[in-house]
Each structure stands twice: as C-alpha cells, then as structure tokens.
Amino acid sequence: MSQWEQVEEYLSSRVVQPDDQLKAIVAATGAAALPAIEVSAAQGKFLMLLARIAGARRILEIGTLGGFSTAWLARALPDDGELITCEYEPRHAEVARANLAAAGLLDRVTIRVGAALDTLPDLAGAEPFDLFFIDADKVNNPAYLEWAVKLSRPGSVIVLDNVVRGGSVLDPAGDEAVQGTRAAVDILGSHPRLDATALQTVGSKGWDGFALALVL
C-alpha cells in the first residue's frame, strides 16, 4: 500500500467514517463484478458536504455505476429533495437500484437508463438543478458540461471528476478520453457563465483530480 493510500485510510477512519450501509454498497458493487472505479469514501463525503453547503435540493448525476456517489449525494438532500442520476449500462443501473434500496435512499433517487445525451434533453424546461456531478465516459465530457450549464441556475455548482488522469491530460495527442477531458477543461476556463478551478488529488484512486465550477 502506498503512503498516499495509508494517509487516505487514516483520514477516512478518523474523519470520513463511512457507515455499514455505504461499505455495503462498495462490497455489493464489487460482488456484482462492476468496475472498481467509484469515488473514494473521502471523495463521496466531500460531495455530500458540498451539496449541503450549496443547499442543494435538486441534484443531477451523470454516471451512476453501483450508486456509491449517488448514496452520498442523496444523503445531503432535504426531505423534499430529488436526485436524478443517468446511467448508460442497464446492469449498472440494476445494481445501483438494489444498493440504494438497501440503504433506504431509493425514494429520493430516480435512475434514468440509457445514453445521457439521449435522456438529458428530456430535463430541459424543468426546474433547474442546484448541483451536478459528472463522472461518466470522458469522451462526452464537453457535451455533459454544456448540458449542466443549460440545466442550471446562477449559483448552481458543477463538479467534473477525473480531470488529471494520471497526468495524461497534458498530452495533446492522448486518447479519446484525454481529448474529451482537455476539451472540457478548455470550456471550464472560457465559458462566460462559469467560474471554475481544478485540483489534483492522490490516494486510493491514484493520481487524478476534479474541477469545481460555479454557474454565474
């Protein structure tokens, strides 16, 4: 175990303290043979606290996987809150639905199955979302980011995950995921309705990072 991972484990055990329901989601996701690419517990609690700080009542997540980040975000919602999460893979959505039901959170979560770029237009014209978490296929990050702006209001918060990718974001000739990430970073730095920053992270998920944007 790397020193980064040891520090994360230390901080998680003393500060983050994920409970048995959250640990069960990770275990069930692994048992279902879904890829182990969910956020860490520390990152999940960061999202939850960010949603609470923002006073989020409506949250949109793009990329559900087994529902771990979904669960953290759903816990931040008030009683009348709603979280919509978009998942391309039906199998992933099935596992997430079971996990969220077991955690007692399914009553405030709607899972939309299918390509997000096909389902997001259905949300146009509805009440804007207060917080967005984008953690899906990186090729479409620019389009996801543009949709987040369209579905937002001034003061909405957008979190875009995996913007460092082990440093490969520096490679202008990188693969499609890198190209999508680089294009999204350019949007974050130039969009007239966004004020953004990006931070590198290290830990159990390796060397990566996230971007945080405020909609103006």
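Our subject is the structure listed above.
The present account deals with the structure reproduced in this document. Bear in mind the structure is a predicted one, so any value in this text is a computation, not a measurement.

## Here we look at the sheet that holds strand β1 (residues 58–62)
Right, so step 1: Pairing within the open sheet is mixed, and its 7 strands lie in the order β3-β2-β1-β4-β5-β7-β6. Either end of the sheet is taken by a strand with one partner, and the two such strands are β3 (109–113) and β6 (194–201). Here the strands of the sheet are splayed against their neighbours by 15° on average, with no regard to which way each runs.
Right, so step 2: Sheet topology places strand β2 (residues 82–87) next to β3; 5 bridges connect them, and they run parallel.

## Here's the deal with the pattern of salt bridges
Right, so step 1: What the rule picks out here adds up to 9 salt bridges.
Right, so step 2: A salt bridge links R58 to E82, with the shortest nitrogen-to-oxygen separation between them at 2.6 Å. Placement of R58 in strand β1 and of E82 in strand β2 is noted, with a sequence separation of 24 residues between them.
Right, so step 3: A relative accessible area of 7% places R58 in the buried class.

## Details of helix α2 (residues 20–31)
Right, so step 1: End to end, α2 covers 16 Å across 12 residues, agreeing with the expected 16 Å (1.5 Å per residue, within 8%).
Right, so step 2: For α2, the complete set of buried residues consists of L22, I25 and T29. Along the axis of α2, the buried positions cluster into a sector of 50°, meaning they face one direction only. Turned more than 90 degrees off the buried face of α2, the exposed positions are D20 and A31.
Right, so step 3: Residues of α2 that are buried sit in contact with α4 (68–75) and α5 (90–102).
Right, so step 4: Measuring from the side-chain oxygen of the N-cap residue of α2 to the backbone nitrogen of Q21 gives 3.2 Å; that N-cap residue is D19.
Right, so step 5: Of the residues one or two after α2, A33 is the one with positive phi, at around 65°.

## Some words on the packing of aromatic side chains
Right, so step 1: In this structure the tally under the stated criterion is 3 aromatic pairs.
Right, so step 2: Cation over ring: R58 sits above F129, and NZ or CZ is 4.2 Å from the ring centre.
Right, so step 3: In this arrangement the basic side chain of K150 is found over the ring face of W147, its NZ or CZ atom lying 4.5 Å from the centre.

## Thoughts on a nonpolar patch on the surface
Right, so step 1: Residues V7, Y10, L11 and V15 make up a contiguous nonpolar surface patch of about 380 Å² in total accessible area.
Right, so step 2: Judged by its relative accessible area of 43%, L11 falls in the partly exposed class.

## So, the pairing of β2
Right, so step 1: With respect to burial, β2 is a largely interior element, 5 of its 6 residues being buried.
Right, so step 2: Across 5 bridges, β1 lies against β2 in parallel orientation. Its bridge partner being in β2, E61 is matched across the sheet by T85.
Right, so step 3: Running through α4, the crossover from β1 to the neighbouring parallel element β2 is right-handed.
Right, so step 4: For the handedness criterion, the β-α-β arrangement of β2, α5 and β3 is classed as right-handed.

## Comments concerning the nonpolar core
Right, so step 1: I59, L73 and L131 are the most contacted members of the largest nonpolar core, which has 31 residues in total.
Right, so step 2: Ignoring anything within four residues of it in the chain, the contact list for L131 reads L50, A51, A56, R58, I59, L60, L73 and V157.
Right, so step 3: Of all hydrophobic cores here, the second largest spans 27 residues; its members include L120, A148, V163 and A211.

## Details of the pairing of strand β5 (residues 157–161)
Right, so step 1: Across the 5 residues that make up β5, a large majority, 5, are buried.
Right, so step 2: Relative to β5, strand β4 (residues 131–134) runs parallel, the two sharing 4 bridges. Residue pairing across strands places F132 opposite I158, the latter belonging to β5.
Right, so step 3: Between β4 and its parallel partner β5, the chain crosses via helix α7 (residues 141–150), and the hand of that crossover is right-handed.
Right, so step 4: Here β5 pairs with strand β7 (residues 208–215) via 5 bridges, running antiparallel. Residue pairing in the sheet places L160 in a bridge with A211 of β7.

Parameters at a glance
- Residues numbered from 1 in each chain as written.
- Predicted model: local features only at pLDDT ≥ 70, side-chain atom pairs only at ≥ 80, totals over all residues.
- Heavy atoms only, no water.
- Pairing = 2+ DSSP bridges.
- Helix = DSSP H or I, 4+ residues; strand = E, 2+ residues; numbered from the N terminus.
- Axes fitted to C-alpha atoms, helices over the stretch in contact; angles between N-to-C directions.
- Salt bridge = Lys/Arg side-chain N within 4 Å of Asp/Glu carboxyl O.
- Buried < 20%, exposed > 50% of the residue type's maximum accessible area, 1.4 Å probe, protein only.
- Expected span 1.5 Å × (residues − 1).
- Arc of directions from axis to C-beta.
- Contact = heavy atoms within 4.5 Å.
- Polar contact = N/O pair within 3.5 Å; in protein donor to acceptor, adjacent residues only side chain to side chain.
- Phe/Tyr/Trp six-rings, centres within 6.5 Å; stacked < 30°, edge-to-face > 60°.
- Lys NZ or Arg CZ within 6 Å of the ring centre and 35° of its normal.
- Patch = residues over 30% accessible without salt bridge, like charges linked within 9 Å, V, L, I, M, F, W, Y side chains within 5 Å.
- Areas by Shrake-Rupley, 256 points an atom, 1.4 Å probe, with all protein chains shown as cover.
- Right-handed = clockwise from strand over helix to strand, strands pointing away.
- Core = buried A, V, L, I, M, F, W, Y, C linked by side-chain atoms within 4.5 Å.

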